[in-house]
Amino acid sequence: MSNNKTAMHFDTKTIHSKPEGMDFSKAVNTPIFQSSTYEYGEKAEYDSIKYARLNNTPNHDVLHHMLTTLEEAESALVTSSGMSAISTTLLALLSQGDHLLVQSCIYGGTYGFITQDLPRFGITFDFFDAANAESLKSKMKKNTKAIYLESISNPMMRVPNFSSVIDFAKKNNLITLIDNTYTTPYNFKPAVAGIDVSLHSATKQLNGHSDIIAGAIIGKNQYLKPIGKMLNKLGGCLDTHACYLLERGLKTLGLRVRQQNQSALTIAEFLKEHSAVLGVNYPGLKSHPEHDLAKKLFVGFGGMLSFRLKGGISAAEKFVKNVKLALHAPSSGGVESLITLPAFTTHAFMTAESRNEIGITDDLIRLSVGLEDESDLLADLKNALEKI
Ligand SMILES: *Cc1c(COP(=O)(O)O)cnc(C)c1O
């Protein structure tokens with residue numbers, strides 16, 4: 001293959017971005033390196049001793065290279081889960097006495113870690129409205145160290161006003177962190193937008209097949225170095241079998257995300273017009289409050305949407321039961337469509353009051369659009385709506 005792989009298009013990079021000098025006896029796929037330890041080379045620092053917990057087997061190296069290339073960043077690490085990527089990053093970059101500014105609607109596990117655990121280490125936080133950068137100013141403190149965002153928030157599908165948040169962060173010397181799970185590097189590249197560190201639940205869209213738990217941290221070397229050292233101590237390494245599956249899943253990322261972008265938009269438009277539907281949250285809809293922003297920033301709007309029915313919680317429960325193709329389960333980004341009521345699954349961490357404040361009512365339905373035929377998905381949703 002030609003040597004200038006960074007100039008290639010996204011789909012080519014997913015197939016061909018292997019680090020130089022890796023041969024693997026000419027195997028087309030990266031074999032699974034089933035060895036916990038490796039013979040000692042020359043004298044090395046602790047973090048470069050070859051040992052699988054230190055995330056440095058050939059399986060890890062290949063993934064780190066792929067993810068760096070796909071997000072056009074400086075470096076990347078894979079981790080044992082999305083929560084491991086998030087908690088390790090926050091623990092590596094924040095210390096006692098620091099303050100964190102957090103977008104007001106985020107993944108439930110992250111919300112739980114920030115609100116229940118960081119304070120035990122003397123790290124305080126405040127939530128802000130990411131669509132309104134003015135709210136950052138009023139929440140900023142002398143000891144604010146970093147800003148935490150989600151590229152499309154879970155499950156309300158809000159989009160932060162990136163340029164003003166990034167400007168604010170640069171002016172005030174704050175580290176910017178973003179959970180890029182819902183957009184994926186296909187739809188959005190945080191490093192290109194000027195964000196310091198991007199985090200992923202690779203369990204979801206990156207792997208795409210609902211068969212592993214994994215995470216990723218991608219970004220600037222100056223932050224990835226200390227995060228890597230913390231990861232080595234906390235031990236959130238990705239097993240090499242899971243590395244192999246993640247690499248395989250990544251090879252079809254562009255294809256999968258393009259289809260999900262298209263099907264989710266069609267479904268969002270269909271739901272919005274349906275008489276039984278109260279409202280739909282999807283950044284691809286013109287009615288979405290940040291539609292123009294999302295259109296400028298993203299290649300596509302992703303496969304995730306949420307909505308409410310006019311019949312409230314009883315209609316929502318009936319609907320979820322009546323849907324046949326979308327399986328009733330949390331998680332997202334897989335080849336199969338998944339449907340869930342976030343108040344009882346992904347966001348059960350929060351109190352009902354905090355959920356209601358940001359719009360996560362008990363009857364909110366979240367749909368992760370899979371790769372089934374679009375017309376079958378539409379027919380199934382239509383049928384389920386007729387039966388409520
Ligand atoms: C699932 C998810 C996480 C947590 O990832 P795990 O792999 O389950 O640990 C974090 N952020 C978002 C947006 C998610 O959907």
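Here the structure is shown first, and the text comes after it.
Scoring rules and cut-offs
- The residue count restarts for each chain, going from 1 along the sequence in the order it is written.
- Residue-level local features of this predicted model are given only where pLDDT is at least 70; pairs of side-chain atoms are given and counted only at 80 or more, and the full residue set underlies all totals for whole chains, interfaces and linings.
- Note that water and hydrogens are dropped before the side-chain values are worked out from all heavy atoms of the structure.
- Each pair of aromatic rings taken from Phe, Tyr and Trp, with Trp reduced to its six-membered ring, is defined by centres within 6.5 Å and is described as stacked if the planes are under 30 degrees apart, edge-to-face if over 60, and tilted in the remaining cases.
- Secondary structure elements are taken from DSSP: a helix is a run of H or I of four residues or more, a strand is a run of E of two residues or more, and numbering for both begins at the N terminus.
- The near set for a molecule or strand comprises every residue that places at least one heavy atom within 4 Å of it.
- Polar contact is defined as a pair of N or O atoms within 3.5 Å, subject to the rule that within protein one atom must be able to donate a hydrogen and the other to accept it, and that residues adjacent in sequence are counted only when both atoms are side-chain atoms.
- Note on areas: these come from Shrake-Rupley sampling with a 1.4 Å probe, and a residue is covered only by the protein chains present in the view.
- Multiply 1.5 Å by the residue count of a helix minus one, and that product is the helix's expected span.
- Using a 1.4 Å probe on the protein chains alone, a residue whose accessible area is under 20% of its type maximum counts as buried, one over 50% counts as exposed, and one in between counts as partly exposed.
- Directions drawn from the helix axis to the C-beta atoms are what define this arc.
- Contact definition: two residues touch when any of their heavy atoms are within 4.5 Å.
- Just to be clear on terms, a salt bridge is a Lys or Arg side-chain nitrogen sitting within 4 Å of an Asp or Glu carboxyl oxygen.

### A word on the packing of aromatic side chains
A ring pair, where both rings are aromatic, is described by two values, the distance of the centres and the angle of the planes.
Here is step 1 of the chain: Scanning the entire structure with this criterion turns up 9 aromatic pairs.
Here is step 2 of the chain: Ring centres of Phe 307 and Phe 319 lie 5.7 Å apart, and the angle between their planes is 85°; this geometry places the pair in the edge-to-face category. Of this pair, Phe 307 sits in strand E9 (residues 304-309) while Phe 319 is found in helix H13 (residues 312-322), placing the two residues 12 residues apart along the sequence.
Here is step 3 of the chain: Of the aromatic side chains, those joined through ring pairs into one cluster are Tyr 111, Phe 125 and Phe 127.

### Observations regarding the site of the ligand
Here is step 1 of the chain: Neighbouring the ligand are 13 residues, the closest being Met 83, Asp 179, Ser 201, Thr 203 and Lys 204.
Here is step 2 of the chain: Contact distances for the ligand include 2.8 Å between an oxygen atom and a side-chain N or O atom of Ser 201.
Here is step 3 of the chain: Side-chain polar atom of Lys 204 to an oxygen atom of the ligand: 2.8 Å apart, as the coordinates give it.
Here is step 4 of the chain: In the complex, 92% of the free accessible area of the ligand, which totals 380 Å², lies under the protein chains.
Here is step 5 of the chain: Looking at the shell around the ligand, the element that brings in the most residues is helix H3 (residues 82-93), giving 3 residues.

### Quick look at helix H9 (residues 221-234)
Here is step 1 of the chain: With 14 residues, H9 extends 19 Å between its outermost C-alpha atoms, agreeing within 8% with the 20 Å of an ideal straight helix rising 1.5 Å per residue.
Here is step 2 of the chain: Those residues of H9 that fall on the buried side of the exposure criterion are Tyr 223, Leu 224, Ile 227, Gly 228, Leu 231 and Asn 232. Down the axis of H9, the smallest arc covering the buried residues is 165°, so these residues share one side. Exposed and facing more than 90 degrees away from the buried side of H9 are Gln 222, Lys 225 and Lys 233.
Here is step 3 of the chain: In this structure, the buried side of H9 is in contact with strand E1 (75-79), H3, strand E5 (175-179), strand E6 (197-201) and strand E7 (215-219).
Here is step 4 of the chain: A positive phi of about 85° marks Gly 235, the residue just after H9.

### Things to note about the pattern of salt bridges
Here is step 1 of the chain: Inspection of the entire model under this criterion finds 13 salt bridges.
Here is step 2 of the chain: The residue Asp 61 makes a salt bridge to Lys 50 at a minimum N-O spacing of 3.9 Å. Residue Asp 61 is located in helix H2 (residues 58-71), and its partner Lys 50 is located in the loop between helix H1 (10-16) and H2; the two are separated by 11 residues in the primary sequence.
Here is step 3 of the chain: Exposure remark for Asp 61: the relative accessible area of 25% places this residue in the partly exposed category.
Here is step 4 of the chain: Asp 126 is the salt-bridge partner of Lys 141, the closest N and O atoms lying 3.3 Å from each other. A residue pair is termed long-range when its members are at least 10 positions apart, and Lys 141 in the loop between helix H5 (134-139) and strand E4 (144-150) and Asp 126 in strand E3 (residues 124-128) qualify at 15 residues.
Here is step 5 of the chain: According to the relative accessible area criterion, Lys 141 is partly exposed, its value standing at 41%.
Here is step 6 of the chain: On the accessibility criterion, Asp 126 (22% relative accessible area) is partly exposed.

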